[in-house]
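# Understanding the architecture of this molecule
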Amino acid sequence: MMKIISILILMLFKPSKLMFLLCTLIIMFLFLSFMIKHDQDCFLFYSGLFIDTLSFSLISLSIFIMILMVMSSMSNISIKINSFYFSMLLTSLLICLTITFSTSNIIMFYIMFEASLIPTFMLILGWGNQPERSQAGVYMMIYTVMASLPLLVAFLIWSNNLSSTNMHILYLYNSYWVTSNLWAFILIFAFSVKLPTYLVHLWLPKAHVEAPVAGSMILAAILLKLGGYGMLRMISKMSSMLLNLTPILMSWSLTGGVMIAVFCIFQTDIKLLIALSSVAHMSMVMSGLLTFSYWGINGAQFIMIGHGFCSSGLFCIANMSYERMNTRSLFIMKGLQTSMPVMSMVWFMLCTSNMAAPPSLNLLGEMNSITAMFSWTHYTILLLASLVFLAAAYSLFLFSQTQHGKLPSKMLTLTPAYLREWLTLLLHWVPLNLLIMNPQSIQLLILPNNL
């Protein structure tokens, strides 16, 4: 099976009509998976596997991004030579993600939750651009695994006392769990690191900067959503425990998002800027979930799906610019508008989607989340206004720094974009702006306490 997949990937690296067939299959899969309305009722495959709207949308996003990862990595000579190992990593990563999003066993959820880091670590270690890639990979592994170990202990104690590992029937079995701030912190901390939230995000910039374009795309589009998915599944079980901690966690999330957004404006590395903007977006996800409301939970899911397409597209187009200019510095990467004006238009569309401008799905998600948080308390209005304004500021800063100015004298002629690159960018932007036409296809149709 692995050999067949590697042969297919190797064939895709050759310019042929298979590229158009691949793109056609992607578009068909997009319409079948996203644009059809689904019910929230579980569809059981097996006693431990199920599919509902939340699982189906994230599994579909995972498959979609995997295909786009292959398309964006075709210019990497090392991946061409080692296509078999690359296909093995992608296959194992997709299996881990699919099981994570579809299992109802909390122990299996934890195992796959952590196992998804191993293929990502190998992607960074094997195809990273800088010598520091090994340090960044180890830093990511240790940071996330150590933060998740208390979560495993909590799951084991929880399932032992209830004599069940099914996450859908777990409940708080005594008053100690209800009132214990320690257990609430343990359950929320592991997901906060994977999300990530401010102060526990330090592994993310290192991993993004050292990762190849495929690693950056999967990190931004899928792996960050594991934390949001875990919170979505566990938030109804933790509502009683988090009652006392919600104001503190909400302040931590929103204040951290504003601080990270300020840091984005002062970045000079294009990949670092895009990576930190993901932290600012995920702060809105965590804040929306902590409202325990229908609007907040649906807004969080909209933001996760929209951010998966938008952030992956930004890393993809940033890599295209890096391949032509051999630099990630915003001091040197200037004047792209004069050399590649059509590519500049794609930059603008992705940057406006990143700042949640219409008609992107990010706009719908932020509208839902802001409504939920403003209904929760009016005191969040200043932080929310700052977060929205700064998102527009760093997105326009990214566009203006790369597109305007004078092109360096040694780079007066840049290689035009290939058809493969245009299709990859188009397939990022179209679903990001198409899903807002039918948001019910990924909307949770139940109340939060039934997740």
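Residues numbered from 1 in each chain as written. Predicted model: local features only at pLDDT ≥ 70, side-chain atom pairs only at ≥ 80, totals over all residues. Heavy atoms only, no water.

## Let's talk about the pattern of salt bridges
All told, the structure shown has 4 salt bridges when counted by the stated rule. Across the salt bridge formed by aspartate 269 and arginine 328, the nearest N and O atoms sit 3.0 Å from each other. With aspartate 269 in the loop between helix H13 (246-265) and helix H14 (270-289) and arginine 328 in the loop between helix H15 (294-325) and helix H16 (336-339), this residue pair connects regions lying 59 residues apart in the sequence. Put simply, glutamate 421 and arginine 324 hold a salt bridge, and the shortest N to O gap is 2.7 Å. Residue glutamate 421 is found in helix H20 (residues 419-434), and its partner arginine 324 is found in helix H15; the two are separated by 97 residues along the sequence. With relative accessibility at 13%, the residue arginine 324 sits in the buried group. Among the ionic contacts, a cluster of salt bridges with common partners joins Arg324, Arg420 and Glu421. (Salt bridge = Lys/Arg side-chain N within 4 Å of Asp/Glu carboxyl O. Helix = DSSP H or I, 4+ residues; strand = E, 2+ residues; numbered from the N terminus. Buried < 20%, exposed > 50% of the residue type's maximum accessible area, 1.4 Å probe, protein only.)

## Looking at the layout of surface pockets
Looking at the second largest pocket, its volume works out to about 260 Å³. What lines the second largest pocket is a set of 17 residues, and nearest its centre among them are Asn129, Val213, Asn319, Tyr322 and Glu323. Counting only elements with at least two residues in the lining of the second largest pocket, the list comes to helix H12 (213-238), H14 and H15. Considering every element that reaches the lining of the second largest pocket, the biggest residue donor is H15, with 5 residues. Residues that form the lining of the second largest pocket fall into these classes: 7 nonpolar, 7 polar and 3 charged. (1 Å grid on protein atoms, 1.4 Å probe; cavity = no way out; pocket = protein on both sides within 12 Å on 5 of 7 lines; lining within 4 Å. Points joined across faces, edges and corners; volume = space filled by probe spheres on them. Nonpolar A, V, L, I, M, F, W, Y, C, P; charged D, E, K, R; others polar.)

## Observations regarding unusual backbone geometry
A negative phi angle characterises most non-glycine residues, just as the trans form characterises most peptide bonds. Cis rather than trans, the peptide bond between leucine 195 and proline 196 has omega equal to -15°. Take proline 196: it is sitting in the loop between helix H10 (181-194) and helix H11 (203-210). At the junction of proline 358 and proline 359, the peptide bond is cis and its omega measures out at 5° in the coordinates. Of note, leucine 199 is a non-glycine position whose phi angle comes to about 85°, a positive value. Of note, leucine 199 is situated in the loop between H10 and H11. The phi torsion at asparagine 326 lies on the positive side, around 55°, for a residue other than glycine. Among the secondary structure elements, asparagine 326 is positioned in the loop between H15 and H16. Asparagine 326 sits in the exposed class, given a relative accessible area of 61%.

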